[in-house]
Amino acid sequence: MRGLILALGFLTRLPLPAVPDYQPADLARALVWFPAAGLVVGAAVALAAALGAAFDPWLGALAGVVMWAWITSGLHLDGLADTADALGAAHRDPARFLAVLADPHVGSFGVIALVLQLAAKLVLLHWLLLLGSPWLALVLIPAWARWSAAGWALLLPPLKPGLGERLARHGKRAGWIAGGLVLAAISAASPLAFVALIPGPLWGLWMRLKLGGQTGDILGAGIEWSESAALLLAGVLFALARGIIAG
């Protein structure tokens, strides 16, 4: 259970017991549990959205977004803001990009990205609630996003020392593949969740071609992108399926 506790402790703010003799490399070895942490996030978001939607779909969407930000401590939102600032200020200078990425302050590009991301999740969650899409798909979307992030860390070169570099060096591909197979088995109960696999390769390709690799912040930004893109795709496909059935 050491790996699961580490993954949950890193990716959520749930109260958990301390892990004795912790070493930075231990988190990388816990990559296999990243999808499990995503399931916890997805279950919490779905529960909050369901409770709020009992009164009004907009309230359900708001409750879901608030829970999403709270349970993750805004970790991935922070990565999104840092990445947006770095892209906006780098002017195609790799050294400048990494320097801005390391700056803890949030600039105008980061603020804009945060506002747009939160608004996108709010609107898309509201849409899915109105459509009556399967709850299991919502639970699985954060899990697939974190599985994708583990894959980016393992398959792309790190751009600098730090979290991304430790994940790349100490993570195990066999565990990552096993986690994907388990998620696929669960997703068979709600095939709509498989749309969450589409954004991952796109973000990975963009990182490879645009940036040349990954860092912890860029992985976090990718999780946010993957979740919003998956919500959009799930809504489109579910709406189309309902139209075909109704027709």
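Chemist: Would you mind going over the packing of aromatic side chains in detail, with residue names and values included?
Modeler: Under the criterion given, the structure shown has 6 aromatic pairs. Between the aromatic rings of Trp144 and Trp147, the centroid separation amounts to 5.3 Å while the plane-to-plane angle is 90°, which identifies the pairing as edge-to-face. Here Trp144 pairs with Trp147, and both are found in helix H8 (residues 135-155), just 3 residues apart, close to one helical turn. Side by side, Trp144 and Trp147 carry an identical accessibility label, which is buried. Clustering of aromatic rings is evident, with ring pairs tying together Trp144, Trp147, Trp176 and Phe194. Directly above the ring of Trp68 sits Lys121, whose terminal nitrogen or CZ lies 3.8 Å from the centroid.

Chemist: Could you give an account of a nonpolar patch on the surface, with specific residues and numbers?
Modeler: A grouping of Phe55, Leu59, Leu62 and Val66 is seen on the molecular surface, where their side chains present a nonpolar patch of about 430 Å² in accessible area. Residue placement: Phe55 occurs in the loop between helix H3 (34-53) and helix H4 (57-71).

Chemist: Explain the side chain of Asp82 to me, using residue names and the numbers behind them.
Modeler: Residue position: Asp82 is located in helix H5 (residues 75-90). No salt bridge forms around the buried Asp82; measuring N to O, its nearest opposite-charge neighbour Lys160 is 8.9 Å away. In contact with Asp82, other than residues within four places in its own chain, are Leu101, Asp103, His105 and Asp217.

Chemist: Could you give me a rundown of helix H1 (residues 2-11), with the residues and numbers involved?
Modeler: Residues of H1 that are buried include every one of Gly3, Leu4, Leu6, Ala7, Leu8 and Leu11, and no others. Contact partners of the buried residues in H1: helix H2 (24-29), H3, H4, H5 and H8.

Chemist: Now, about H3: what can you tell me, with residues and values included?
Modeler: Side chains of residues three or four places apart in an α-helix project in the same direction, reflecting 3.6 residues per turn. Taking 1.5 Å per residue, 20 residues should reach 28 Å; H3 reaches 28 Å between its end C-alpha atoms and fits that length. Where H3 is concerned, the buried positions are Phe34, Pro35, Ala37, Gly38, Val41, Gly42, Ala44, Val45, Ala46, Ala48, Ala49 and Gly52. On its buried face, H3 sits against H1, H2, H4, helix H7 (108-131), H8 and helix H10 (173-187).

Chemist: Any chance you could break down the packing of H3 against H4 for me, citing the residues and the numbers?
Modeler: Between two packed helices, the angle of one axis relative to the other and the distance separating the axes together describe the packing. Viewed as axis vectors pointing N to C, H3 and H4 meet at an angle of 150°, and their least axial separation amounts to 7 Å. Considering the angle they form, H3 stands roughly antiparallel to H4. The element H3 and its partner H4 pack so that their crossing is right-handed. Contact with H3, carried on its side by Val40, Val41, Ala44, Val45, Ala48, Ala49, Gly52 and Ala53, involves Pro57, Leu59, Gly60, Ala63, Gly64, Met67, Trp68 and Ile71 of H4 and no other residues of that element. Taken together, the residues of the contact of H3 with H4 sort by class into 13 nonpolar, 3 polar and no charged.

Chemist: I'd like to hear about the environment of Leu62, residue by residue, with values.
Modeler: Examined against the element boundaries, Leu62 turns out to sit in helix H4. Classification of Leu62 by relative accessible area gives partly exposed; the value is 44%. Leu62 sits 14 residues away from Ala48 along the chain, and the two C-alpha atoms are 8.9 Å apart.

Chemist: Explain the pattern of salt bridges residue by residue, including any values.
Modeler: Note that side chains of opposite charge can pair when their charged atoms are close. For the structure shown, the criterion picks out 4 salt bridges. Between Glu224 and Lys121 there is a salt bridge; the shortest N-O distance is 3.0 Å. Here Lys121 lies in helix H7 and Glu224 lies in helix H12 (residues 216-246), a separation of 103 residues in the sequence. Each member of the pair, Glu224 together with Lys121, is buried. Notably, a salt bridge pairs Glu227 with Lys121, separated by 2.6 Å at the nearest N-O pair. One end of the pair, Glu227, is in helix H12; the other, Lys121, is in helix H7, with 106 residues separating them in the sequence. The same class applies to Glu227 as to Lys121, namely buried. What you see here is one network of salt bridges that share partners, running through Lys121, Arg146, Glu224 and Glu227.

Chemist: How would you explain the packing of H3 against H8 if you had to name every residue and give the values?
Modeler: Between H3 and H8, the shortest axis-to-axis distance is 7 Å and the interhelical angle comes to 150°. In terms of orientation, H3 lies roughly antiparallel with respect to H8. Pair H3 / H8 crosses with right-handed handedness. Residues Phe34, Pro35, Gly38, Leu39, Val41, Gly42, Ala43, Val45, Ala46, Ala49 and Ala50 of H3 lie in contact with H8, whose contacting residues are Trp135, Leu138, Val139, Leu140, Pro142, Ala143, Arg146, Trp147 and Ala150.

About the thresholds
- Residues numbered from 1 in each chain as written.
- Predicted model: local features only at pLDDT ≥ 70, side-chain atom pairs only at ≥ 80, totals over all residues.
- Heavy atoms only, no water.
- Phe/Tyr/Trp six-rings, centres within 6.5 Å; stacked < 30°, edge-to-face > 60°.
- Helix = DSSP H or I, 4+ residues; strand = E, 2+ residues; numbered from the N terminus.
- Buried < 20%, exposed > 50% of the residue type's maximum accessible area, 1.4 Å probe, protein only.
- Lys NZ or Arg CZ within 6 Å of the ring centre and 35° of its normal.
- Patch = residues over 30% accessible without salt bridge, like charges linked within 9 Å, V, L, I, M, F, W, Y side chains within 5 Å.
- Areas by Shrake-Rupley, 256 points an atom, 1.4 Å probe, with all protein chains shown as cover.
- Salt bridge = Lys/Arg side-chain N within 4 Å of Asp/Glu carboxyl O.
- Lys, Arg positive; Asp, Glu negative; His and termini not counted.
- Contact = heavy atoms within 4.5 Å.
- Expected span 1.5 Å × (residues − 1).
- Axes fitted to C-alpha atoms, helices over the stretch in contact; angles between N-to-C directions.
- Parallel < 35°, antiparallel > 145°, perpendicular 65-115°, else oblique.
- Left-handed = near helix turned anticlockwise from the far one by under 90°.
- Nonpolar A, V, L, I, M, F, W, Y, C, P; charged D, E, K, R; others polar.

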